[in-house]
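Chain residues, written in single-letter form:
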Amino acid sequence: MTLLGVGESSDAHHISTPDPKGLGAEIALRAALSDAGLSPRDIGYVNLHATGTAKNDEMESLVLARFFPEGVPASGTKPMTGHTLGAAGATKLGFCWMALSGLIRNLSPHVWDGQADPMLPWMDLVGRGRVLSRADDGRRYCMSNSFAFRVSKARLIIGDREAAS
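A few points on the structure. Just so we're clear, the structure is a prediction, and the values are computed from it rather than from any experiment.

## Thoughts on the overall build of the protein
Thought 1: Helix and strand counts for the protein come out as four helices and five strands.
Thought 2: In sequence order, the protein lays out its α and β elements as β-α-β-α-β-α-α-β-β.
Thought 3: Here the protein has a C-alpha radius of gyration of 15 Å; the compact-globule value for 165 residues is 15 Å, and the two agree.
Thought 4: On the principal axes, the C-alpha backbone points of the protein span a range of 45 × 35 × 30 Å.
Thought 5: By the burial criterion, 42% of the 165 residues in the protein qualify as buried.
Thought 6: In the protein, 74% of the contacts between residues at least 6 apart in sequence involve partners at least 24 apart.
Thought 7: If you sum the accessible surface of the protein, you get close to 8,600 Å²; carbon and sulfur atoms cover 55% of it.

Printed below as a string of structure tokens:
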């Protein structure tokens, strides 16, 4: 696996509430894709920030809907680990690494109550047994989202070094 792209921003909207339209998150997403030389359709999985808070989840779903209008397999892994605060980004990137390395056979499922908010865009939430798909170039790419207080947004993209043979 290789770290392919990094994107970071700080929208300074509010100390603990993101910009409702997700402008900072969008800047970070664009930067990570550009750094990696990828397009949204190349991304096979997104590990969501998924705090379970209304404003963060709303913002994250709106940004993903803009960049992935047909959906992208996504899940939040905090229900399995807890919110580890400063270690959350590394923990979530670890789930991406495990999916790419084969340490886990399937993508981590999105553990939730199953009650979608009808006001939010549809998301392709990963269920049990879902595997990571390959992009057109034969490689697999994962994106990890990390959003922090003082509205810092970071996105990391990792992927296979070589295409499947």
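## Let's talk about helix H1 (residues 23-36)
Thought 1: Its 14 residues give H1 an end-to-end C-alpha distance of 20 Å, which sits within 8% of 20 Å, the value for a rise of 1.5 Å per residue.
Thought 2: Residues of H1 that are buried include every one of Gly24, Ala25, Glu26, Ala28, Leu29, Ala32, Leu33 and Ala36, and no others.
Thought 3: Elements in contact with the buried residues of H1: strand E1 (2-10), helix H2 (54-67), strand E4 (141-148) and strand E5 (152-159).
Thought 4: Where H1 ends, the next residue or the one after it, Gly37, has phi of about 70 degrees, a positive value.

## So, the pairing of E4
Thought 1: With seven of eight residues buried, E4 is to be regarded as a mostly interior element.
Thought 2: Judged from the three bridges that link them, strand E2 (residues 45-47) and E4 form a sheet pairing that is parallel. Counted as the bridge partner of Tyr45 is Cys142 from E4.
Thought 3: Bridging between E4 and E5 involves eight bridges; their strand directions are antiparallel.

## Observations regarding the packing of H1 against H2
Thought 1: Across the interface, H1 lies against H2 with an axial gap of 10 Å and an inter-helix angle of 45 degrees. When the axes of H1 and H2 are compared, the pair comes out oblique. Between H1 and H2 lies a crossing whose hand is right-handed. Residue-level contacts link Ala25, Glu26, Leu29, Arg30 and Leu33 of H1 to Met59, Val63, Arg66 and Phe67 of H2.

## A few points about helix H4 (residues 88-101)
Thought 1: Taking 1.5 Å as the rise per residue, H4 with 14 residues should run 20 Å; its terminal C-alpha atoms sit 20 Å apart, in good agreement.
Thought 2: Residues of H4 that are buried include every one of Ala88, Lys92, Phe95, Cys96, Ala99 and Leu100, and no others. End-on, the buried residues of H4 take up no more than an arc of 135 degrees, which puts them together on one face.
Thought 3: At its buried positions, H4 is contacted by E2, helix H3 (78-81), E4 and E5.
Thought 4: Two residues or fewer after H4 comes Gly102, characterised by a positive phi angle close to 90 degrees.

Each value, and the rule that gives it
- Residues numbered from 1 in each chain as written.
- Predicted model: local features only at pLDDT ≥ 70, side-chain atom pairs only at ≥ 80, totals over all residues.
- Heavy atoms only, no water.
- Helix = DSSP H or I, 4+ residues; strand = E, 2+ residues; numbered from the N terminus.
- Rg over C-alpha atoms; globule rule 2.2 N^0.38 Å.
- Buried < 20%, exposed > 50% of the residue type's maximum accessible area, 1.4 Å probe, protein only.
- Contact = heavy atoms within 4.5 Å.
- Areas by Shrake-Rupley, 256 points an atom, 1.4 Å probe, with all protein chains shown as cover.
- Expected span 1.5 Å × (residues − 1).
- Pairing = 2+ DSSP bridges.
- Axes fitted to C-alpha atoms, helices over the stretch in contact; angles between N-to-C directions.
- Parallel < 35°, antiparallel > 145°, perpendicular 65-115°, else oblique.
- Left-handed = near helix turned anticlockwise from the far one by under 90°.
- Arc of directions from axis to C-beta.

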